[in-house]
Amino acid sequence: MQHWVTSVMEELGYIGVFFMMALENVFPPIPSEIVLPFGGFLTTTTDLSVVGVIVAATVGSVLGAVILFGIGLLLDVKQLEKIIHRYGSMLRIKKQDIQRADAWFDKYGYWTVFICRMVPLVRSLISIPAGMSNMNFVMFLFLTVAGTLFWNTLLILIGVQLGESWTNILSFMELYSTVIYICIGVGIGIIVYLYIKRRRQQ
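Below, the structure is looked at part by part.

Conventions and cut-offs
The written sequence of each chain sets the order in which its residues are numbered from 1. The predicted nature of this model means local features are confined to residues of pLDDT at least 70 and side-chain atom pairs, given and counted, to a pLDDT of 80 or more, with totals for whole chains, interfaces and linings taken over all residues. To get the side-chain values, take all heavy atoms of the structure and skip hydrogens and water. Classification of ring pairs uses Phe, Tyr and Trp, with its six-membered ring standing for Trp, and accepts pairs whose centres are within 6.5 Å; under 30 degrees between planes counts as stacked, over 60 as edge-to-face, and the remaining range as tilted. Numbering goes from the N terminus for both helices and strands, where a helix is a DSSP run of H or I of at least four residues and a strand is a run of E of at least two. Working definition: with a 1.4 Å probe on protein chains only, accessible area under 20% of the residue-type maximum means buried, over 50% means exposed, and in between means partly exposed. Residues enter a nonpolar core if they are buried and are Ala, Val, Leu, Ile, Met, Phe, Trp, Tyr or Cys, with the set joined through side-chain atoms within 4.5 Å. Two residues qualify as a contact provided that any one of their heavy atoms is within 4.5 Å of a heavy atom in the partner residue.

### What about the packing of aromatic side chains?
According to the stated counting rule, one finds 5 aromatic pairs in the structure shown. Where Phe-69 meets Phe-137, the ring centres are 5.4 Å apart and the plane angle is 55°; that geometry is what we call tilted. With Phe-69 in helix α4 (residues 50-74) and Phe-137 in helix α9 (residues 137-162), this residue pair connects regions lying 68 residues apart in the sequence. Residue classification places Phe-69 among the buried residues on the basis of a relative accessible area of 4%. A relative accessible area of 36% means that Phe-137 is categorised as partly exposed. Aromatic ring contacts, followed pair by pair, group Phe-69, Phe-137 and Phe-140 into a single cluster.

Here it is, written out as structure tokens:
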């Protein structure tokens, strides 16, 4: 995976950076932790500029996020309620659960979209619930650009500073991702536990 990503970027330059970041948002197994530092490294050995790589990466990321936002619009809350009405009894989920989740996202979704742009895997998937909750598209776009620009700039500049040693960041980012995944897993476990406990009390 790493060899393919870097070879595409070396061959296509800005277009390769744009393509990889757009694909990374739609297909999370392609990690931005490889694309961005390597893009920074390329600015030290090619004619690519730091600003150009940041712009190409950010535009690609935002395009991928918009695609997933559109998918979320197709799978809106009403569509979910229809599915729950039909299959909810098997999953032990009610329409009220979907409505509460939607209300939570309406209340905290804006900050969630911004912060999650810096969280592995979640940075891609967060666009879908944003679309499902019919978040204001202008605000979604603004927060996505802001969070993505910060994350992209940080990792690209690290790649510039590390130069040929850009791969040194991969072990740190792997640890960072592992910690995030553990936190997400624990959070989901707590939510499921509280949900089951509440249902039993009812």
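So, next bit.
### As for the nonpolar core
Ranked by internal contacts, the top residues of the largest apolar core, which has 21 residues, are Met-9 and Leu-36. A total of 6 residues in this core trace back to one element, the largest contributor, which is helix α3 (residues 32-42). Other than its neighbours up to four places away in sequence, Leu-36 contacts Met-21, Ala-57, Trp-151, Asn-152, Leu-155 and Ile-156. Membership of the second largest hydrophobic core comes to 9 residues, among which are Ala-65, Met-135, Phe-140 and Leu-143.

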